[in-house]
Amino acid sequence: MGIFQPLELSTNLSPFNRCDRIQAVMKVRSIRGFKDILPDSIKRWHYIEDSAGNIFELYGFSEIRIPVVEFTDIFARSIGTSTDIVEKEMYSFTDRDGSSITLRPEGTAGVVRAYIENSLYAKSTISKLYYMGMMFRHERPQKGRYRGFYQIGAELFGTKDPYADSEIILMLWRFLEKIEVTSLIRLELSSLGDENCRPSYKQKLVKYLRPLKNELCENCQRRLEVNPLRILDCKEKKCKEISKDAPSMLDNLCDNCNKHLDHVKDSLENFSIKYILNPRIVRGLDYYTRTVFEIKTDELGAQNAVAAGGRYDGLVEELGGPPTPAVGFSIGMERLVLLHEKIVPVGFQKGVDAFIAFIGKDTKKTAFQFAYDFRKQGISVEMEYENKSLKTQLKKADKLGAKYAIIVGEEELARGKVKVRNMGSSSEEEINIDKVKQLSIKLSN
Ligand code: ATP
Ligand code: MG
């Protein structure tokens, strides 16, 4: 039986009885693989998102907000029909008018669609865009892998120059440095070649793998026909064993692709960013050309990819835009947050600057007025709604991390004064009511 059962609610029931009855009959729950981000952790999320935005803006990127749903075709054409995402992970629905629409499984396809549809290419040669938002993939949920998850991504359109690849990796690394997680991650780099060298490499790979076909996992036997490069990043032990001695893309790059990769490597070295060349990075998505990279970690078990990206020179044209080279990346927020919690375990709770406590008769109104005045000056304050003992109120002030508690007492108020308690040192002093304003100025600095 589903969680939703018909309720026969008598209109005679009081609201409380109705509530009890509703709770007894149905227990609400979220959809598997989707989770809430609660106030306890939201400060950390804000900090990470703000750091990304601030750094990306320094590199000339602007935020773009794209819809959460697109026509299914956009994803199928750009991500590639023989990828895990399109084959089995998309949330696709038939809309009321019969069209097939899909909750976005990643951001690049939608950004490219927006770039083309809004003719951003006509407005300037280079477009630098970043996005943040929720993505949807029907995967098996586990720690660091959800069905609804957040990504931060950036895309740079309009140049084939390897400086763009370098800049995008440097920007990503700078952000990861800013939030202090670089000791837990490594950068892996490779090249997937281009239309000159990849087809012949693919042939070489298939030639090597074909005689070993029966030893590959079922999935890879199929991949051999539709997407042989993906065999290189299969997680199955037997496939890993077989592909160990397979020809490497890096040994089969044409001169131009080699030069491009050398340039990216040189610039990373110039900025002392360590990288590991890993020819097994093939990326699940079909649209990559030349540079591909991943940020990996050993801290999150099987979920070892924190961010991934690369160059995709053919995608804009593939989706109907003018030929436009591009390079970008996307970062998995949940995995990044897990890493950040390891480095900075505390200090991201939501707190307040001051607490307004009130005791005795006719003090609440004044306390409420103070709270309003403080907030108007940009100072965060909290106070109780109901009458509580001073001890309880100060406990709460402490819990909220308030620097000061302003105590509005009946007797002091009658003398035109309030008590100010420094929550750190527990020292208290009386001040005139009109000095409270100065205190708020002090707190705002
Ligand atoms: P994985 O190999 O872990 O499935 P992916 O190659 O499918 O990753 P991308 O499509 O490159 O992932 O997405 C970029 C980043 O988004 C990943 O590196 C990861 O951090 C994050 N990510 C991808 N899928 C999920 C998910 N289901 N839940 C949480 N984060 C995810
Ligand atoms: Mg995946």
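Every chain begins its residue count from 1, and numbering advances along the sequence as written. Chains and ligands are labelled sequentially in the order written, the chains with letters from A and the ligands with numbers from 1. Residue-level local features of this predicted model are given only where pLDDT is at least 70; pairs of side-chain atoms are given and counted only at 80 or more, and the full residue set underlies all totals for whole chains, interfaces and linings. The side-chain quantities take in all heavy atoms of the structure and omit both hydrogens and water.

*Asks:* Give a description of the sheet that holds strand 2 (residues 69-71) that names residues and reports values.
*Replies:* Here, any two strands with at least 2 DSSP bridges between them count as paired. The helix count covers DSSP runs of H or I at least four residues long, the strand count covers runs of E at least two residues long, and both are numbered beginning at the N terminus. Taken in spatial order, the three strands of this open sheet run 2-4-3, and their pairing is antiparallel. Each having just a single partner strand, strand 2 and strand 3 (91-94) make up the two edges of the open sheet. Adjacent strand axes in the sheet meet at a mean angle of 35 degrees, parallel and antiparallel pairs treated alike. Where strand 3 and strand 4 (residues 100-103) come together, four bridges link them in antiparallel fashion. Bridging from a neighbouring strand, S92 pairs with T102 of strand 4. To get an axis, a line is fitted to the C-alpha atoms, and for a helix only the part in contact is used. The angle between two axes follows their N-to-C directions and goes from 0 to 180 degrees.

*Asks:* Give a detailed account of the pattern of salt bridges, specifying residues and quantitative values.
*Replies:* The working definition used for a salt bridge is a side-chain nitrogen of Lys or Arg within 4 Å of a carboxyl oxygen of Asp or Glu. Evaluation of the coordinates by the stated rule reveals 32 salt bridges. A salt bridge links R113 to E117; its shortest N-O distance comes to 3.0 Å. Pair noted here: R113 and E117 are both in helix 5 (residues 108-117), with a separation of four residues, about one helical turn. A relative accessible area of 15% means that R113 is categorised as buried. Overall, the relative accessible area of 56% leaves E117 in the exposed class. The residue K419 makes a salt bridge to E428 at a minimum N-O spacing of 3.9 Å. Buried, partly exposed and exposed residues are distinguished by accessible area as a fraction of the type maximum, computed with a 1.4 Å probe on protein chains only: under 20%, between the cut-offs, and over 50%, respectively. Judged by its relative accessible area of 26%, K419 is partly exposed. Residue E428 is classed as partly exposed on the basis of its relative accessible area, which comes to 37%. Taken together, the salt bridges that share partners define one network made up of D84, K88, R223, R230 and D233.

*Asks:* Summarise the site of ligand 1; cite the residues concerned and give the values.
*Replies:* Here a residue counts as near a molecule or strand whenever at least one of its heavy atoms sits within 4 Å of it. The full set close to ligand 1 counts 15 residues, and R137, E139, R145, Y146 and R283 are the nearest of them. At a separation of 2.8 Å, a nitrogen atom of ligand 1 approaches a polar backbone atom of Y146. One of the backbone nitrogen or oxygen atoms of A305 is found 2.9 Å away from an oxygen atom of ligand 1. Here the open area of atoms and residues is found with the Shrake-Rupley method and a 1.4 Å probe, where only the protein chains shown may cover a residue. Considering ligand 1 on its own, with 580 Å² of exposed area, one finds that the protein chains cover 88% of that surface. Elements with a minimum of two residues in the shell around ligand 1: strand 6 (148-157), strand 10 (305-311) and strand 11 (326-332). If one sorts the elements of the shell around ligand 1 by residue count, strand 10 sits on top with four residues. Among the residues forming the shell around ligand 1, the class breakdown is six nonpolar, four polar and five charged. Pairs of N or O atoms within 3.5 Å make up the polar contacts considered here, provided that, within protein, one atom can donate a hydrogen while the other can accept it, and that residues adjacent in sequence are counted only when both atoms are side-chain atoms. Ten residues, namely Ala, Val, Leu, Ile, Met, Phe, Trp, Tyr, Cys and Pro, are considered nonpolar, four, namely Asp, Glu, Lys and Arg, are considered charged, and the remaining ones, Gly among them, are considered polar.

*Asks:* A description of the domain arrangement of the protein chain should follow, citing residues and the corresponding values.
*Replies:* Bear in mind that the domain bounds are from an automatic or database domain assignment. By the assigned domains, the protein chain splits into domain 1 (39-197 + 253-343) and domain 2 (354-444). Centre-to-centre separation of domain 1 and domain 2, based on C-alpha positions: 48 Å.

*Asks:* Account for unusual backbone geometry, naming residues and giving values.
*Replies:* The residue S119 is not glycine, and still its phi comes out positive at about 45 degrees. Examined against the element boundaries, S119 turns out to sit in the loop between helix 5 and helix 6 (120-123). Residue classification places S119 among the partly exposed positions, given a relative accessible area of 28%. Positive phi is not limited to glycine here, since D362 has a value of about 55 degrees. Relative to the helices and strands, D362 is located in the loop between strand 12 (354-359) and helix 14 (364-376).

*Asks:* Requested: an account of the packing of aromatic side chains, with residues and values cited.
*Replies:* Centres within 6.5 Å are what make two rings of Phe, Tyr or Trp a pair, Trp counting through its six-membered ring; a difference in plane orientation under 30 degrees is then read as stacked, over 60 as edge-to-face, and the rest as tilted. Per the counting criterion, the structure on display carries nine aromatic pairs. Centroid distance F56 to Y130: 5.5 Å. Interplanar angle 80 degrees. Geometry classified as edge-to-face. Residue F56 is found in helix 2 (residues 39-58), and its partner Y130 is found in strand 5 (residues 127-136); the two are separated by 74 residues along the sequence. Residue F56 is classed as buried on the basis of its relative accessible area, which comes to 0%.

*Asks:* Run through the nonpolar core, naming residues and quoting values.
*Replies:* Only buried residues count toward a nonpolar core, which is a set of Ala, Val, Leu, Ile, Met, Phe, Trp, Tyr and Cys residues joined through side-chain atoms within 4.5 Å. Judged by nonpolar contacts, the single largest core of 96 residues is most densely connected at F56 and F175. If you tally residues by element for this core, the top one is helix 7 (residues 162-178), at nine residues. In terms of nonpolar packing, the next biggest core, distinct from the first, is built from 20 residues, I356, I379, V381 and L439 among them.

*Asks:* Describe the sheet that holds strand 1 (residues 62-63), and please don't skip the residues or the numbers.
*Replies:* If you walk across this open sheet you meet the eight strands as 1-5-6-11-10-9-7-8, and the pairing is mixed. Both outer strands of the open sheet, strand 1 and strand 8 (275-277), are each paired with one neighbouring strand and no more. One ladder, built from seven bridges, connects strand 6 with strand 11; its direction is antiparallel. Pairing of G153 across the sheet is with S330, part of strand 11. By the convention used here, residues are in contact when the closest approach between their heavy atoms is within 4.5 Å. Sitting on the sheet, helix 7 touches strand 5, strand 6, strand 7 (185-191), strand 9 (289-297), strand 10 and strand 11, and the angle it makes with strand 11 is about 20 degrees.

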